[in-house]
Amino acid sequence: GIQVEQSPPDLILQEGANSTLRCNFSDSVNNLQWFHQNPWGQLINLFYIPSGTKQNGRLSATTVATERYSLLYISSSQTTDSGVYFCAANPLRGSQGNLIFGKGTKLSVKP
Amino acid sequence: DVKVTQSSRYLVKRTGEKVFLECVQDMDHENMFWYRQDPGLGLRLIYFSYDVKMKEKGDIPEGYSVSREKKERFSLILESASTNQTSMYLCASWVAQGREQYFGPGTRLTVT
């Protein structure tokens, strides 16, 4: 089945710094989502982005479907951005809509 | 806004007990999913349902069953809880291809 790999696994930033998180996927996808898992465990939807570029405030994401990767950009990071960021994909072939998750990037933003 | 709720944020049960985890969505979505999340293993699909009374096994269904009697409610059942079922359980809801999935707040289950 499809493999979803995220990098880096851990990232420590100073408040105000910018960062780029990467997600590689091994097969064509119907759906590509980015989530932020808060300290209480809830997955917060950031982007639904099977292709193209989207922006929401200090966050933006780009998916290049033909090259099978997606990037999440965080600008001017804040301590509240800390947490784990997940990329998840729904494969084009052989699935019923369930998402395959990467292992996540754990982001720590220091004041 | 889509809202997915789960019956408990934290739950502690004893080995051998029957455990029910409830998930409710308010957006008339056909598809609902149960995942579990474990350190080092990520999120894994337990069961999903694409319609009332319909269910399909995911990647790790052993030890679990599900029930979907109404469209808005999807229940995960641990018939006889075991310590290796201590985990974070996340429910998701989804309308169709081309749309995003939404997750509930999660239930942290501890089996002692």
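Residues numbered from 1 in each chain as written. Chains lettered and ligands numbered in written order. Predicted model: local features only at pLDDT ≥ 70, side-chain atom pairs only at ≥ 80, totals over all residues. Heavy atoms only, no water.

A. Expanded view of the overall build of chain B. If you tally the helices and strands in chain B, you get 0 helices and 11 strands. Computed over its C-alpha atoms, the radius of gyration of chain B comes to 13 Å, within 12% of the 13 Å expected for a compact globule of 112 residues. With respect to the three principal axes, the spread of C-alpha positions in chain B is 40 × 30 × 25 Å. Across the 112 residues in chain B, those meeting the buried criterion constitute 48%. Residue pairs at least 24 apart in sequence account for 55% of intrachain contacts in chain B once pairs closer than 6 positions are excluded. (Helix = DSSP H or I, 4+ residues; strand = E, 2+ residues; numbered from the N terminus. Rg over C-alpha atoms; globule rule 2.2 N^0.38 Å. Buried < 20%, exposed > 50% of the residue type's maximum accessible area, 1.4 Å probe, protein only. Contact = heavy atoms within 4.5 Å.)

B. Main features of the sheet that holds strand β3 (residues 19-25) of chain A. All names here are of chain A. Taken in spatial order, the 5 strands of this open sheet run β1-β3-β8-β7-β6, and their pairing is antiparallel. At either end of the open sheet lies a strand with only one pairing partner, and these are β1 (4-7) and β6 (52-56). Across this sheet, the average inter-strand angle for adjacent strands is 15°, counted without regard to direction. (Pairing = 2+ DSSP bridges. Axes fitted to C-alpha atoms, helices over the stretch in contact; angles between N-to-C directions.)

C. Geometry of the sheet that holds strand β1 (residues 4-6) of chain B. Residue and element names in this part refer to chain B. An order of β1-β3-β8-β7 is seen for the 4 strands of this open sheet, with the pairing classed as antiparallel. A strand with exactly one partner marks an edge of an open sheet, and here the two such strands are β1 and β7 (64-70). Ignoring strand direction, the axes of neighbouring strands in this sheet form an average angle of 20°.

D. Examining the packing of aromatic side chains more closely. Here the structure, examined in full by the defined rule, presents 10 aromatic pairs over all chains. Members of the aromatic cluster, joined through ring pairs, are F35, F86 and F101 of chain A together with F33, Y35, F48, W94 and F103 of chain B. Note that R22 of chain A overlies the ring of Y69 of chain A, its terminal NZ or CZ placed 4.2 Å from the centroid. (Phe/Tyr/Trp six-rings, centres within 6.5 Å; stacked < 30°, edge-to-face > 60°. Lys NZ or Arg CZ within 6 Å of the ring centre and 35° of its normal.)

E. Focus on the side chain of S75 of chain B. All names here are of chain B. For S75, the location among the structural elements is in strand β8 (residues 73-78). The class of S75 is buried, set by a relative accessible area of 8%. Here E22 takes part through its side chain, which lies 2.7 Å from a polar atom of the side chain of S75. Ignoring sequence-local partners within four residues, the contact set of S75 consists of L21, E22, W34, S65, V66 and S67. (Polar contact = N/O pair within 3.5 Å; in protein donor to acceptor, adjacent residues only side chain to side chain.)

F. Structural context of unusual backbone geometry. Cis geometry marks the peptide bond from S7 of chain A to P8 of chain A, where omega comes out at -10°. Following the sequence through the fold, P8 of chain A ends up in the loop between β1 and β2 (10-14). Positive phi values are uncommon outside glycine, yet S76 of chain A reaches one of about 45°. Phi at D28 of chain B takes a positive value of approximately 60°, unusual for a residue other than glycine.

G. Representation of the nonpolar core in the model. By size, the foremost hydrophobic cluster in this structure holds 21 residues, and its most contacted members are C23, F25, L32, W34, L72 and L107 of chain A. Among the secondary structure elements, those contributing two or more residues to this core are β2, β3, β4 (29-37), β7 (59-64), β8 (69-74), β9 (83-91) and β11 (105-110) of chain A. When residues no more than four places from it in sequence are discounted, the contact partners of F25 of chain A are I2, Q3, V4, L32, T63, R68, Y69 and S70 of chain A. In this structure, L21, L76, A81 and L109 of chain B belong to the second largest nonpolar core, which totals 20 residues. (Core = buried A, V, L, I, M, F, W, Y, C linked by side-chain atoms within 4.5 Å.)

H. Just the state of the cysteines, in detail. Residue and element names in this part refer to chain A. The final tally for this structure, using the stated rule, is 2 disulfides over all chains. The disulfide partner of C23 is C87, and the gap between their sulfur atoms is 1.9 Å. Since a negative S-S torsion denotes a left-handed disulfide, the C23-C87 link at about -50° is left-handed. Here the residue C23 occupies a position in strand β3, and C87 occupies one in strand β9, the gap between them amounting to 64 residues. (Disulfide = S-S within 2.5 Å.)

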